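Summary of the model geometry
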Amino acid sequence: MSDFLMPSLGADMEEGTIVEWRVSVGDRVTRGDVVAVVNTDKADLDMEVFTTGVVEELLVPEGVRTPVGTPLARIGSGDDATNAAQEAIVPTDAPTEPTPQPEPTPRSTPAPEPTSRPQPTPPSEPAHRPTPDPVPTGGVGRHHASVVLSPLVRRLAYDLAVDPGLLHGTGPGGRITRDDVERAGHHRHSATPRARRLARERDFNLDGVTGTGPRGAVRAGDIERLTARRASAERPTLAPTPAPSDEDRRRVARSAIARVMERAWREIPHYRLSSTIDLEPALGWLEALNAQRPPRERILPAAALLRATALAATEVRELNGWWTEDAVRPSDVVDLGTVVSLRQGGVVTPTIADAAALGIDETMVALRRLVAGARTGGLRGSDMGEASITVTNLGDQGADEVHGVIRPPQVALVGFGRIRSRPWVEGSTVGAHRSVIVTLAADHRASDGRTGSRFLHMLERALTDPDRLAGPPS
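Moving on to unusual backbone geometry. The omega torsion across Pro408 and Pro409 is 5°, close enough to zero to call that bond cis. Note that Pro409 resides in the loop between strand 19 (389-393) and strand 20 (412-416). At Glu325, a residue that is not glycine, the phi angle is positive and equals roughly 60°. Note on placement: Glu325 falls in the loop between strand 13 (321-324) and strand 14 (327-330). We classify Glu325 as exposed; its relative accessible area is 78%. Unusually for a residue other than glycine, Asp354 sits at a positive phi of about 50°. As for its placement among the helices and strands, Asp354 is situated in the loop between strand 18 (351-352) and helix 8 (360-376). By relative accessible area, Asp354 is classed as partly exposed at 32%.

This is the structure:
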């Protein structure tokens with residue numbers, strides 16, 4: 001059993017909102033599957049699950065703002081629900097094998113201490129167990145013995161307020177399946193026992209109310225929200241709030257950016273350096289490479305700039321890391337933040353993980369995917385990991401140079417301006433070379449100007465050496 005938590009997608013993120021669940025209770029998920037869309041004030045992100053198993057419970061409904069680290073869903077082990085779609089409830093008239101009784105424990109043997117904290121379960125709900133166990137049922141009109149429920153179907157029956165003992169199985173040998181439970185829940189007004197009790201205590205009529213549980217089942221949390229709304233003189237309804245407008249999203253995103261920039265300007269003593277780098281060797285190499293490729297496989301200069309930054313960051317580790325309390329903590333790998341401007345306004349900064357290990361082709365693929373994802377709402381949570389150094393490139397916007405602000409807790413930001421022809425002196429000859437102005441903003445607590453100058457020198461070396469740009473270091 002494991003919990004899927006509200007992730008931290010940056011040092012400035014404190015809360016997130018579930019925009020949409022992509023899974024339901026009972027769905028089997030595999031590590032890397034997208035299970036939810038989360039809004040982080042800056043963008044809607046696809047969130048992947050990092051375990052394999054079965055969704056046993058969705059703990060937070062859509063539209064609720066939730067602090068980072070809060071459990072959002074509960075994922076059971078795959079062993080607990082291998083055949084959950086077919087097995088579920090064994091009818092009382094089905095033949096069963098006698099259950100072996102455990103050997104008695106001698107009085108002199110102390111009971112073992114639990115090795116882990118028990119997982120919380122909903123009020124009035126039987127605790128989950130790794131194997132099916134008898135659950136007493138009751139009903140109207142006939143007497144029922146105990147039936148056997150798997151943890152998954154027990155949870156489903158609980159959520160839909162269905163008494164399994166009243167059902168007739170449609171599976172082989174009269175077995176009661178999950179579909180039987182869902183059909184029974186669909187044909188009645190469903191609410192959990194606790195929700196029904198709260199509704200009676202607070203004089204709520206549940207007719208016409210759609211809850212946040214499976215197939216609209218009303219849960220205790222829904223009653224709590226109705227109570228709060230009635231107390232605020234609002235009409236008791238569980239209708240979703242209207243989706244925010246583009247203007248609302250821009251305002252919220254701008255506010256989030258403002259908080260980060262205010263903190264950066266307040267806390268980080270910046271120093272700045274710049275250098276104009278000749279790009280003729282790199283661009284000539286790219287042009288020859290692209291001439292042999294179809295358009296969709298061609299490499300943009302932006303990928304070469306990212307690749308060179310990653311290489312320089314491996315050489316100057318003082319600028320590749322985070323400021324923690326009173327010291328810089330260098331990163332073992334270069335997780336390269338890439339600022340992407342959004343068409344509706346604002347920016348988002350996805351991360352190319354372990355960028356120094358990628359060749360120029362892999363870097364281009366990663367860049368293309370992140371830019372497309374950022375502008376179409378297709379980014380994943382894993383794309384928003386904490387970067388160890390960030391690059392901003394305003395060359396396509398026409399700016400000759402950019403002096404950025406470091407995103408805490410990082411200690412450096414690299415800026416690239418427009419690639420353009422400039423006068424260039426070689427020996428006694430003056431010619432026109434394509435070049436770029438590179439700027440470095442660095443945290444003076446973590447490094448000094450000498451370190452920053454060395455970084456710019458390493459970046460220039462990489463950009464003038466096509467062999468180093470081509471592939472990952474050996």
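Moving on from the model shown.
This part is about the sheet that holds strand 6 (residues 53-58). Whether parallel or antiparallel, the strands of a sheet pair through hydrogen bonds between backbone atoms. Strand order across the open sheet formed by four strands is 1-8-6-3, with antiparallel pairing between neighbours. The two strands at the open ends of the sheet, each matched to only one other strand, are strand 1 (2-5) and strand 3 (28-29). Examined bridge by bridge, strand 3 and strand 6 share two bridges and lie antiparallel to one another. When the sheet's bridge partners are listed, Arg28 is paired in strand 6 with Val54.

One way to put it is that helix 7 (residues 301-315) packs onto helix 9 (residues 449-463) with a least axis distance of 8 Å and a crossing angle of 130°. Taken together, the axis directions place helix 7 and helix 9 in an arrangement best described as oblique. Here helix 7 and helix 9 pass one another in a crossing that is right-handed. Contacts from Ala304, Leu305, Ala308, Thr309, Leu311, Ala312, Ala313 and Glu315 of helix 7 reach helix 9 at Arg454, Phe455, Met458, Leu459, Ala462 and Leu463. A breakdown of the residues in the contact of helix 7 with helix 9 according to their chemical character gives eleven nonpolar, one polar and two charged.

If you walk across this open sheet you meet the four strands as 5-4-2-7, and the pairing is antiparallel. One side of each edge strand has no neighbouring strand; the edge strands of this open sheet are strand 5 (44-48) and strand 7 (65-67). Put simply, the sheet's adjacent strands are angled 45° from each other on average, direction ignored. Pairing of strand 4 (residues 34-39) with strand 5, which is carried by five bridges, proceeds in the antiparallel orientation. Across the sheet, residue Ala36 finds its bridge partner in strand 5, namely Met47.

On to the pattern of salt bridges. Under the criterion given, the structure shown has 18 salt bridges. A salt bridge links Glu15 to Arg65; the shortest N-O distance between them is 2.9 Å. You can see Glu15 sitting in strand 2 (residues 15-21) and its partner Arg65 sitting in strand 7, a full 50 residues away along the chain. Relative accessible area serves as the criterion here: at 33%, Glu15 is assigned to the partly exposed category. Since its relative accessible area comes to 40%, Arg65 is described here as partly exposed. The shortest N-O distance in the salt bridge between Arg380 and Glu48 comes to 3.8 Å. Of this pair, Arg380 sits in the loop between helix 8 and strand 19 while Glu48 sits in strand 5, and the two are 332 residues apart along the sequence. Each of Asp400, Arg418, Arg420 and Arg422 takes part in one network of salt bridges that share partners.

Attention now moves to helix 7. End to end, helix 7 covers 22 Å across 15 residues, agreeing with the expected 21 Å (1.5 Å per residue, within 8%). Counting buried positions along helix 7 yields eleven of 15 residues, so the element is predominantly enclosed. The set of residues buried in helix 7 consists of Ala303, Ala304, Leu305, Leu306, Arg307, Ala308, Thr309, Ala310, Leu311, Ala312 and Ala313.

About the thresholds
Residues numbered from 1 in each chain as written. Predicted model: local features only at pLDDT ≥ 70, side-chain atom pairs only at ≥ 80, totals over all residues. Heavy atoms only, no water. Helix = DSSP H or I, 4+ residues; strand = E, 2+ residues; numbered from the N terminus. Buried < 20%, exposed > 50% of the residue type's maximum accessible area, 1.4 Å probe, protein only. Pairing = 2+ DSSP bridges. Axes fitted to C-alpha atoms, helices over the stretch in contact; angles between N-to-C directions. Parallel < 35°, antiparallel > 145°, perpendicular 65-115°, else oblique. Left-handed = near helix turned anticlockwise from the far one by under 90°. Contact = heavy atoms within 4.5 Å. Nonpolar A, V, L, I, M, F, W, Y, C, P; charged D, E, K, R; others polar. Salt bridge = Lys/Arg side-chain N within 4 Å of Asp/Glu carboxyl O. Expected span 1.5 Å × (residues − 1).

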